[in-house]
Amino acid sequence: MALGRHPEVCLLRIEKLSSHWLPDDGGAFLRERIDAVLRGVCDELAACGIAHAVHLRSTNRLVFAILDAAEELNCSGIIVPPAVSGWRRIFSSGTVAALCAGQRNVPVITVDGNGRPRAWRTQ
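The paragraphs below set out a description of the structure included in this document. Quick caveat: nothing in here was measured; it's all calculated off a predicted structure.

1. Re helix H3 (residues 95-102)
- Along H3, the positions that sit buried rather than exposed are Thr95, Val96, Leu99 and Cys100. Looking straight down H3, one finds that the buried residues subtend no more than 130° of arc, so they occupy a single side.
- For H3, the elements touching its buried residues are helix H2 (62-72), strand E3 (78-80) and strand E4 (108-111).

What follows is the structure, encoded as structure tokens:
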């Protein structure tokens, strides 16, 4: 916006597919927390005058769902935090690194905690 552009934000919520034969594993609590976070983000975007929408996908293939949704929604970029490096990688699912490695027509942009773009490097 500072550059005179009017960004539009697509927030993507992905729920893991589950079998209807299995009992709820506490997912209701997690869904409530995610909904609260998304509501807060939407409130902040609206307060800044930034157009936004929340999209939901259900899948077990997280990286492909993100890449597919970005292409389907005609996004100009996928914004993610930097990939975790060093010993912290043992606590990471590797999603950011997989996104960066598998990017297609929509660039994957990593940003630091201040929202500044960071170059992605293979870890």
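From this point on, the discussion continues.
2. A short note on the pattern of salt bridges
- Within this structure, the stated rule accounts for 5 salt bridges.
- Measuring nitrogen to oxygen at the nearest pair gives 2.1 Å for the salt bridge that ties Asp35 to Arg13. Here Arg13 lies in strand E1 (residues 8-15) and Asp35 lies in helix H1 (residues 27-47), a separation of 22 residues in the sequence.

3. Comments concerning the side chain of Thr95
- When you line up the elements, Thr95 lands in helix H3.
- The class of Thr95 is buried, set by a relative accessible area of 17%.
- Beyond its immediate stretch of four places on either side in the chain, Thr95 contacts Leu62, Val63 and Ile66.

Procedures and definitions
- Residues numbered from 1 in each chain as written.
- Predicted model: local features only at pLDDT ≥ 70, side-chain atom pairs only at ≥ 80, totals over all residues.
- Heavy atoms only, no water.
- Buried < 20%, exposed > 50% of the residue type's maximum accessible area, 1.4 Å probe, protein only.
- Helix = DSSP H or I, 4+ residues; strand = E, 2+ residues; numbered from the N terminus.
- Arc of directions from axis to C-beta.
- Contact = heavy atoms within 4.5 Å.
- Salt bridge = Lys/Arg side-chain N within 4 Å of Asp/Glu carboxyl O.

None of the figures reported here should be taken as evidence of function without further support.
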